[in-house]
Amino acid sequence: MKNQVKILVIILLTTTSLLSQNKKENRMKKRVINPWEWQNERSYVQAIEITKPEGTLYISGQTAINADGKSSTGNMKTQLIESIKNLEKVITEAGYDCENIVRLNIYTTSSEELFTCFDIFQNWITQHNIKQASTLLEVKSLFETLKVELEVTVVK
């Protein structure tokens, strides 16, 4: 009887180990493609490859609109901070992590104004260890009084 119990324990441990290893092999993997180094100082990557994702979340542009639906009349810095907070809220509510942002587009009514507070954006990228492909576009206008909009794709 003791030998049968030992055999069952060995089988159980082996099966558990194999399942755990198999689960790790099936996890999402990210590979950054950077043929150069200059983009590292600008908080983005040239390309990112994702294999074996569990899910993909496409988020509409997030801006400095409060919970009551009112657009901010604040300056660029204030709006950038609120846009980031709104983006984080959507990501968290969906059960994803900021770290897994793979695409981030920034729309702004003034690149010049945005770059005066770009350190806020860069610190946020660093804080969450985000490696994303990005595009920055200056546009004529955004909705109402808004100055910046962040649009992302997140994987799980």
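Residues numbered from 1 in each chain as written. Predicted model: local features only at pLDDT ≥ 70, side-chain atom pairs only at ≥ 80, totals over all residues. Heavy atoms only, no water.

J.: How should I be thinking about helix H2 (residues 76–93) in this particular structure?
T.: Residue pairs three or four apart in sequence face the same way in an α-helix, which turns once every 3.6 residues. Between its terminal C-alpha atoms H2 stretches 26 Å, which fits the 26 Å expected from 18 residues at 1.5 Å a residue. Looking at the packing, one finds that the buried side of H2 touches strand S3 (56–62), strand S4 (101–108), helix H3 (111–116), helix H4 (118–127) and strand S6 (148–155). N-cap assignment for H2: the residue whose side-chain oxygen lies 3.3 Å from the backbone N of Lys77 is Asn75. In the segment just after H2, Gly95 is the residue with positive phi, at about 85°. (Helix = DSSP H or I, 4+ residues; strand = E, 2+ residues; numbered from the N terminus. Expected span 1.5 Å × (residues − 1). Contact = heavy atoms within 4.5 Å. Polar contact = N/O pair within 3.5 Å; in protein donor to acceptor, adjacent residues only side chain to side chain.)

J.: Would you mind going over the packing of aromatic side chains with me for this structure?
T.: Think of a pair of aromatic rings as described by two things: how far the centres are apart, and how the planes are tilted against each other in angle. Inspection of every chain in the model, using the stated rule, returns five aromatic pairs. Note on Trp36 and Trp38: the rings are 6.1 Å apart at their centroids and 25° apart in plane angle, and the pair reads as stacked. Residue classification places Trp38 among the partly exposed positions, given a relative accessible area of 41%. Judged by centre distance (5.0 Å) and plane angle (40°), the ring pair of Phe118 and Phe121 falls under tilted. With a gap of three residues between them, Phe118 and Phe121 both fall in helix H4, about one helical turn apart. Three or more aromatic residues link up through ring pairs in this structure, and these residues are Phe115, Phe118, Phe121 and Trp124. The ring of Tyr96 carries the charged tip of Lys156 above its face, separated from the ring centre by 4.5 Å. (Phe/Tyr/Trp six-rings, centres within 6.5 Å; stacked < 30°, edge-to-face > 60°. Buried < 20%, exposed > 50% of the residue type's maximum accessible area, 1.4 Å probe, protein only. Lys NZ or Arg CZ within 6 Å of the ring centre and 35° of its normal.)

J.: Teacher, can you tell me more about the sheet that holds S6 here?
T.: Backbone hydrogen bonds hold the strands of a sheet together, and the pairing may be parallel or antiparallel. The strand order across the open sheet formed by four strands is S3-S6-S4-S5, and the pairing between neighbours is mixed. Taken across any chain shown, the strands that pair with only one partner, and hence form the sheet edges, are S3 and strand S5 (133–138). In this sheet, neighbouring strand axes are inclined to one another by 10° on average, regardless of whether the strands run parallel or antiparallel. In the sheet, S4 pairs with S6 via seven bridges, with the strands oriented antiparallel. What sits directly across from Asn105, in S6, is Glu151. Sheet strands touched by H2: S3, S4 and S6. Its angle to S6, the strand with the most contacts, is close to 25°. (Pairing = 2+ DSSP bridges. Axes fitted to C-alpha atoms, helices over the stretch in contact; angles between N-to-C directions.)

J.: What's the story with the environment of Phe115 in this structure? I'm lost.
T.: The topology assignment puts Phe115 in helix H3. The class of Phe115 is partly exposed, set by a relative accessible area of 47%. C-alpha of Phe115 to C-alpha of Lys77: the two residues are 38 residues apart in sequence and 9.7 Å apart in space.

J.: Even after reading the chapter, I still don't get the nonpolar core, so can you show me in this structure?
T.: Side chains of a nonpolar character, in soluble globular proteins, are inclined to be buried together. If you look at the biggest cluster of nonpolar residues, it comprises 24 residues, and the most contacted ones within it are Ile91, Ile101 and Trp124. When contributions to this core are tallied by element, the ones reaching two or more residues are S3, H2, S4, H4 and S6. The residues touching Ile91, leaving out its near neighbours within four places in the chain, are Leu57, Ile59, Tyr96, Asp97, Cys98, Ile101, Val152 and Val154. (Core = buried A, V, L, I, M, F, W, Y, C linked by side-chain atoms within 4.5 Å.)

J.: I tried to follow the packing of H2 against H4 on my own but got confused; where do I start?
T.: For any two helices packed against each other, the geometry comes down to the angle between their axes and how far apart the axes lie. Relative orientation of the contacting elements H2 and H4 amounts to 25°, with a least axis distance of 9 Å. In terms of axis orientation, H2 runs roughly parallel to H4. Residue-level contacts link Lys77, Leu80, Ile81, Ile84, Leu87 and Glu88 of H2 to Ile120, Phe121 and Trp124 of H4. (Parallel < 35°, antiparallel > 145°, perpendicular 65-115°, else oblique.)

J.: For this particular structure, what's the right way to read the pattern of salt bridges?
T.: Oppositely charged side chains are able to pair whenever their charged atoms sit close together. Counting across every chain of the model gives three salt bridges. The closest approach of N and O atoms between Arg31 and Glu49, which form a salt bridge, is 2.9 Å. With a gap of 18 residues between them, Arg31 in strand S1 (residues 29–33) and Glu49 in strand S2 (residues 47–51) connect regions that are remote in the sequence. As a salt-bridge pair, Lys89 and Glu93 come within 3.9 Å of each other at their nearest N and O atoms. Note that Lys89 and Glu93 are positioned in helix H2 at a spacing of four residues, about one turn of the helix. Neither residue differs from the other here; Lys89 and Glu93 are each classed as exposed. (Salt bridge = Lys/Arg side-chain N within 4 Å of Asp/Glu carboxyl O.)

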